Amino acid sequence: MEIMKLLPAGKDYLWGGTRLRDEFGKKIDMTPLAETWECSVHPDGPSIVANGKHSGKTLAEVLNEHPEYLGTKVGDTKELPVLVKFIDAKKDLSVQVHPDDAYAKEHERQNGKSEMWYVMDADEDASLIYGFTHPVTESLLRNAVEQGNLDKHLQKVKVHKGDIYYVLAGTVHGIGAGTLVAEIQESSNVTYRVYDYNRTDKNGKKRELHFDKAVEVMDMGVAPDVKQKHRFIHYYPGCSREILCRCKYFETERIVVTKGLSFSVKNESFQIILCLDGEGQIETMDDTKKPVRFQKGDCLYIPAGMGRCYLLGEAEILKVRC
C-alpha cells in the first residue's frame, strides 16, 4: 500500500482558458484546457497513477484490484464515489442541470451529480448562475430559451476568491467567465444543457441542448439564499483547518499548512489531497516508503487504512474523503 500521485485527464471544452497549463503546470496538449479531472475513475476521463508500483495504471484499475483501498464506508458498490476537478472558465459555461441518482441510474446508467465548488480565483466582475429568481414552468422556460432571454429568470451571484457553493442535483446553474474553481462532485458525467448562448464549436456546430430531460429533473422553485455564511477556522501549531462541505457523498476540508500536520487515514475511507498552492511532502509510519512530494496543482490518492500520515511544507490544500 502506498500513496499515489495522479496524472489527470484533460477536457478542451470551448469555454476554457490556459490557466491550468500556465499556472498549475498541467502538461496536456489542449487549447483551450477547460478542465482537468484530477482524481477520476470515470471512463470519460480516468486518472493515471504516476509513481510507485502501480505507475502507468489507471486509478480505476488499481481500485478494481484493491477494493480495500476505498474503505468500508463506500459499501457494496466498491467504486470511488467522487470525482475531483480543476475548472478554468475563461468564458461562461452553459446554463445546465444535473439529475439526481435515481433519474441518472434509470436513464443514463450513471450516478447523479451533486457537486461543490471552491472558488480559487475570480475576476472582479465574475458571477455564477444558481437557480431561479421566481417559480417557473416548462412552457415559460421553453419560450425563454427560444427567445434568448432566459437570463431574466436566473439568479446571478457575484463570486469572490474563497467562496463555496454546494450545487444539489436538480439546481439550474452555470459557472461564469473569469472563474477558477476546484470542484468536488459525485463520480458522474451527466449534464443536461438548457441554454448555451447559441455558441458554435470548432466545427461551426451548435452544441446539443437537452431541454426535455432538463425540465424533468430541475427544481423550478425559487433558488435558496447562497450568501456566504460565517466559516469556522480552527488554528493549530503548523496549520489551520476548516470544513467546507459535508454531504452524503463526500466531506471536503481546506487546510492551510504553514509548517506541518498529522492526520490518520483509517479503514473507513480513502483520502484525496488536492494542492491549490505551495508545496510539501507526505510521510507515513512505514520507514521503507519514501516521502511523496507534491506542489501546486498536484493530486494524491491515499488508500484507506494507510494509518498516520505527516504532511510537511507550506501549502494550501483540499482534503477529500467519503
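Structure's up top.
Residues numbered from 1 in each chain as written. Predicted model: local features only at pLDDT ≥ 70, side-chain atom pairs only at ≥ 80, totals over all residues. Heavy atoms only, no water.

Undergrad: Sorry, what's going on with the overall build of the protein chain here?
TA: Helices and strands together make up the secondary structure of the protein chain, namely 5 helices and 21 strands. Here the C-alpha atoms of the protein chain give a radius of gyration of 20 Å, agreeing with the 20 Å that 2.2 N^0.38 yields for 322 residues. Taken along the three principal axes of its C-alpha coordinates, the protein chain extends 65 × 40 × 35 Å. Pairs at least 24 residues apart make up 74% of the contacts formed inside the protein chain by residues separated by at least 6 positions. Carbon together with sulfur atoms contributes 47% to the accessible area of the protein chain, which is approximately 15,100 Å² in total. Computed over 44 positive and 49 negative side-chain charges, the inter-centroid distance for the protein chain is 2 Å. (Helix = DSSP H or I, 4+ residues; strand = E, 2+ residues; numbered from the N terminus. Rg over C-alpha atoms; globule rule 2.2 N^0.38 Å. Contact = heavy atoms within 4.5 Å. Areas by Shrake-Rupley, 256 points an atom, 1.4 Å probe, with all protein chains shown as cover. Lys, Arg positive; Asp, Glu negative; His and termini not counted. Charge placed at Lys NZ, Arg CZ, Asp CG, Glu CD.)

Undergrad: I would appreciate a short explanation of the environment of Ala 315 in the present structure.
TA: One can find Ala 315 in strand E21 (residues 307-321). Here Ala 315 falls in the buried class, since its relative accessible area comes to 6%. Expressed as a C-alpha distance, the spacing of Ala 315 and Gly 280, which sit 35 residues apart in the sequence, is 6.7 Å. For Ala 315, the residues in contact, after removing those within four places along its chain, are Ile 255, Val 256, Val 257, Cys 275, Asp 277, Gly 278, Glu 279 and Phe 294. (Buried < 20%, exposed > 50% of the residue type's maximum accessible area, 1.4 Å probe, protein only.)

Undergrad: How do you make sense of the packing of aromatic side chains when you look at a structure like this?
TA: The final tally for this structure, using the stated rule, is 5 aromatic pairs. Ring centres of Tyr 103 and Tyr 192 lie 6.3 Å apart, and the angle between their planes is 80°; this geometry places the pair in the edge-to-face category. Of this pair, Tyr 103 sits in helix H3 (residues 101-107) while Tyr 192 sits in strand E13 (residues 192-195), and the two are 89 residues apart along the sequence. Under the relative-accessibility criterion, Tyr 192 is labelled buried at 3%. (Phe/Tyr/Trp six-rings, centres within 6.5 Å; stacked < 30°, edge-to-face > 60°.)

Undergrad: Even after reading the chapter, I still don't get the pattern of salt bridges, so can you show me in this structure?
TA: Once their charged atoms are close, side chains differing in charge can pair, the charge on each being opposite to the other. Counting across every chain of the model gives 21 salt bridges. Across the pair Glu 38 and Lys 26 runs a salt bridge whose closest N-O atoms are separated by 3.0 Å. Separated by 12 residues along the polypeptide, Glu 38 in strand E3 (residues 35-39) and Lys 26 in the loop between helix H1 (19-22) and E3 bring together distant segments of the chain. We note that Glu 38, like Lys 26, is buried. Linking Lys 213 and Glu 108 is a salt bridge whose minimum nitrogen-to-oxygen distance equals 2.9 Å. You can see Lys 213 sitting in helix H5 (residues 211-217) and its partner Glu 108 sitting in the loop between H3 and strand E7 (115-122), a full 105 residues away along the chain. Among the residues examined, Lys 213 registers a relative accessible area of 34% and is labelled partly exposed. On the basis of relative accessible area, Glu 108 is assigned to the partly exposed category, the value being 24%. (Salt bridge = Lys/Arg side-chain N within 4 Å of Asp/Glu carboxyl O.)

Undergrad: Honestly, the sheet that holds strand E10 (residues 164-167) in this entry has me stumped. Any pointers?
TA: Ordered in space as E2-E3-E5-E12-E7-E10, the 6 strands form an open sheet in which the pairing is antiparallel. One side of each edge strand has no neighbouring strand; the edge strands of this open sheet are strand E2 (9-11) and E10. The sheet shows a mean angle of 20° between the axes of neighbouring strands, direction not considered. As paired elements, strand E5 (residues 82-89) and strand E12 (residues 179-186) share 8 bridges and run antiparallel to each other. Across the sheet, residue Asp 88 finds its bridge partner in E12, namely Leu 180. (Pairing = 2+ DSSP bridges. Axes fitted to C-alpha atoms, helices over the stretch in contact; angles between N-to-C directions.)

Undergrad: It is not clear to me how the nonpolar core should be interpreted in this structure. Could you clarify?
TA: One finds Cys 39, Leu 59, Leu 80, Tyr 118, Ile 272 and Tyr 301 to be the most contacted residues of the largest nonpolar core, which totals 39 residues. Every residue in contact with Leu 80, bar those within four places of it in the chain, is listed here: Cys 39, Val 41, Leu 59, Leu 63, Leu 70, Ser 187, Phe 270 and Tyr 301. One finds Tyr 103, Val 145, Leu 150 and Tyr 195 within the second-largest nonpolar core, a separate group that totals 22 residues. (Core = buried A, V, L, I, M, F, W, Y, C linked by side-chain atoms within 4.5 Å.)

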